[in-house]
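Structural description and commentary
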Amino acid sequence: MSKALELARHLETLHINNMYKNDFYWTWDKTDEELDAIFTVADALRDLRERNKSTRVFDSGLGISIFRDNSTRTRFSFASACNLLGLEEQVLDEKVSQIAHGETVRETANMVSFMAEVIGIRDDMFIGEGHKYQKTFIDALEEGYRDGILEQRPTLVNLQCDVDHPTQCMADMLHIIHYFGGVENLKGKKVAMTWAYSPSYGKPLSVPQGVVGLFTRFGMDVVLAHPEGYEIMPEIEEIAKKNAEKSGCTFTKTNSMAEAFKDADIVYPKSWAPFAAMEKRTKLYQQGDKAGIDALEKELLKQNAEHKDWACTEEMMSLTKDGKALYLHCLPADITGLSCEEGEVDNSVFDRYLVPLYKQASYKPYIIAAMIFLAKVKDPVKALMAMDSSDELRKKF
């Protein structure tokens, strides 16, 4: 029996009907079985592709990507996912569209979606705005579909907002599942989600929030570590606490990076901006207060510089379990002595984990493809089985 067929049979046991014709905003919106389904389909699609089986479930159609912030991995992962399923990606560049001339979100949403099957949006720059924009966009499509403007209602995949980065955190988790040999081996593992120094400011909170909001569902003991003043959204902390209680693990906080790293099985040192500062930044942008924005940037850079000791050094890694914790990063990292003078991680540590880091990133195209697949394919089990038994190959030579 092929791996894909085995995974399809597992998928058959899951209750996932609500995923069809639905969107993916945050991981905590999904049930445990729905998350399991995404991991299962991602692995099945990867197996099929590795055996050169065609995974095209669309003969035509568009996947529209809207990136309101810079991106490399997520941008190409979305394009790869669309291509894997038979969709053509079309990038909506707001700078060269009529948005620059005052076109409304409602109009834009409908005009780009006549043949779109999926909309992928990254909007992570401003607290209180990213998720709001995604919701406004999809609400407009729902209305357009209801009114007969659109022949189909495209599904949304959150490619990162101000609250969560689900495609990243789901890819991280699938990497962890494979690294430790299965979900059953994760219970009791210690995860250190820690702030780390960066010479830049304004990095989104969505990765640490996504990590604590997801990893606590898998029976792992998650520690959130940061200097005083670098808190994340309190409502996400509450989600992590409830998840930990339900899964029988712990969610704790500390202001000591060393305490978080002590005996950790997994470390995720990553810079982010303080929640309160990001709220202030949003208000300043809304007011068009450039002087205020410049002053805030200087203030936050100065605040960051007070915590240069928050770095993933060889000494810090030696505190982890057997000195060999799995190092994670969403990339790009601020690498001391390579990409910057002082940063999140020592060059020697980063270089040692280069291969697993790239493997971590390699799961994202399949996670995104699985999200699209489960939202657009009515009978995903039948579709996977058909792909597995088909003689149609991806490579024709």
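Per an unreviewed UniProt entry, the protein carries the name Knotted carbamoyltransferase YgeW and comes from Candidatus Avoscillospira stercoripullorum. Looking at the protein in UniProt, the text filed under Sequence similarities (unreviewed entry) is "Belongs to the aspartate/ornithine carbamoyltransferase superfamily."

Moving on: the environment of Lys 246. Along the chain, the position of Lys 246 falls in helix H8 (residues 234-247). Among the residues examined, Lys 246 registers a relative accessible area of 72% and is labelled exposed. Each C-alpha atom of the pair Lys 246 and Thr 216 lies 9.0 Å from the other, and the pair is 30 residues apart in sequence.

Applying the stated rule across the entire model yields zero disulfides. Unpaired in this structure, Cys 169 has its nearest cysteine sulfur neighbour in Cys 330, at a distance of 8.5 Å. The exposure class assigned to Cys 169 is buried, which follows from its relative accessible area of 0%. Unpaired in this structure, Cys 312 has its nearest cysteine sulfur neighbour in Cys 340, at a distance of 13 Å. Classification of Cys 312 by relative accessible area gives buried; the value is 0%.

Moving on to the packing of helix H3 (residues 73-85) against helix H15 (residues 364-376). Two elements in contact, H3 and H15, have axes whose closest approach is 8 Å; the angle formed by their N-to-C orientations is 50°. Here H3 is positioned oblique relative to H15, judged by the angle of their axes. Helix-helix and strand crossings are classified by hand; for H3 and H15 the assignment is right-handed. Together, Arg 73, Thr 74, Ser 77, Phe 78, Ser 80, Ala 81, Cys 82, Leu 84 and Leu 85 of H3 and Lys 364, Pro 365, Tyr 366, Ile 368, Ala 369, Ile 372 and Phe 373 of H15 make up the contact between the two elements. Broken down by class, the residue content of the contact of H3 with H15 amounts to eleven nonpolar, three polar and two charged.

Glancing now at the packing of helix H7 (residues 206-215) against H8. What describes two packed helices is the angle between their axes and the distance between those same axes. In contact at an axis separation of 7 Å, H7 and H8 are set at 20° when each is read in the N-to-C sense. By the criterion of interaxial angle, the relationship of H7 to H8 is roughly parallel. Both H7 and H8 take part in a crossing whose hand is left-handed. Side by side, H7 and H8 meet where Gln 209, Val 212 and Gly 213 of the first sit next to Ile 236, Ile 239, Ala 240 and Asn 243 of the second. Along the lines of polarity and charge, the residues of the contact of H7 with H8 split into four nonpolar, three polar and no charged.

Structurally, Lys 190 is set in strand S5 (residues 190-194). Along the backbone, Lys 190 and Asp 265 are 75 residues apart, and their C-alpha atoms lie at a distance of 5.2 Å. Every residue in contact with Lys 190, bar those within four places of it in the chain, is listed here: Asp 221, Val 223, Glu 259, Ala 260, Lys 262, Asp 263, Ala 264, Asp 265 and Ile 266. A polar contact of 3.3 Å, which involves the side chain of Lys 190, links it to the backbone oxygen of Ala 260.

With parallel pairing, the five strands of this open sheet are ordered in space as S7-S6-S5-S8-S9. A single partner strand is all that each edge strand has here, and the edge strands are strand S7 (251-254) and strand S9 (326-327). Bridge count between S5 and strand S6 (residues 221-225): five bridges; the pairing is parallel. Counterpart to Val 191 in the pairing with S6 is Val 222. Running at roughly 160° to S5, H7 makes contact with S5, S6, S7 and strand S8 (266-269) of the sheet.

Attention shifts here to the sheet that holds strand S4 (residues 155-161). With respect to topology, four strands assemble into an open sheet ordered S2-S1-S3-S4, the strand pairing being parallel. A single partner strand is all that each edge strand has here, and the edge strands are strand S2 (88-91) and S4. Put simply, the sheet's adjacent strands are angled 20° from each other on average, direction ignored. For strand S1 (residues 62-67) and strand S3 (residues 116-123), the ladder comprises six bridges, and the chain directions are parallel. Bridge pairing in S3 places Ile 66 opposite Ile 121.

We now examine the nonpolar core. A general tendency of soluble globular proteins is for nonpolar side chains to be buried together. Ranked by internal contacts, the top residues of the largest apolar core, which has 125 residues, are Met 173, Phe 215, Ile 372 and Leu 384. Here Met 173 is in contact with Phe 39, Leu 186, Leu 214, Phe 215, Phe 218 and Met 220, once residues within four sequence places are set aside. With six residues, the next largest nonpolar core counts Tyr 201, Ile 293, Leu 296 and Leu 300 among its residues.

This part takes up a nonpolar patch on the surface. Where nonpolar side chains cluster on the molecular surface, the patch consists of Met 111, Phe 114, Met 115 and Ile 149 and spans about 420 Å² of accessible area. In this structure, Phe 114 sits in the loop between helix H4 (105-111) and S3. The partly exposed category is assigned to Phe 114, whose relative accessible area is 40%.

With that out of the way, let us pick up the pattern of salt bridges. Going through the model one piece at a time under the given rule, you end up with 17 salt bridges. Of the charged contacts, one joins Arg 51 and Asp 388 as a salt bridge, the two residues approaching to 2.6 Å between their closest N and O atoms. With a gap of 337 residues between them, Arg 51 in the loop between helix H2 (32-50) and S1 and Asp 388 in helix H16 (residues 380-389) connect regions that are remote in the sequence. On the basis of relative accessible area, Asp 388 is assigned to the buried category, the value being 13%. With a shortest N-O distance of 3.5 Å, Asp 334 and Lys 203 are connected by a salt bridge. A residue pair is termed long-range when its members are at least 10 positions apart, and Asp 334 in the loop between S9 and strand S10 (335-336) and Lys 203 in the loop between S5 and H7 qualify at 131 residues. The network of salt bridges with shared partners includes Asp 23, Glu 142 and Arg 153.

Rules used throughout
- Residues numbered from 1 in each chain as written.
- Predicted model: local features only at pLDDT ≥ 70, side-chain atom pairs only at ≥ 80, totals over all residues.
- Heavy atoms only, no water.
- UniProt positions renumbered as here; feature names shortened; annotations may be inferred.
- Helix = DSSP H or I, 4+ residues; strand = E, 2+ residues; numbered from the N terminus.
- Buried < 20%, exposed > 50% of the residue type's maximum accessible area, 1.4 Å probe, protein only.
- Disulfide = S-S within 2.5 Å.
- Axes fitted to C-alpha atoms, helices over the stretch in contact; angles between N-to-C directions.
- Parallel < 35°, antiparallel > 145°, perpendicular 65-115°, else oblique.
- Left-handed = near helix turned anticlockwise from the far one by under 90°.
- Contact = heavy atoms within 4.5 Å.
- Nonpolar A, V, L, I, M, F, W, Y, C, P; charged D, E, K, R; others polar.
- Polar contact = N/O pair within 3.5 Å; in protein donor to acceptor, adjacent residues only side chain to side chain.
- Pairing = 2+ DSSP bridges.
- Core = buried A, V, L, I, M, F, W, Y, C linked by side-chain atoms within 4.5 Å.
- Patch = residues over 30% accessible without salt bridge, like charges linked within 9 Å, V, L, I, M, F, W, Y side chains within 5 Å.
- Areas by Shrake-Rupley, 256 points an atom, 1.4 Å probe, with all protein chains shown as cover.
- Salt bridge = Lys/Arg side-chain N within 4 Å of Asp/Glu carboxyl O.

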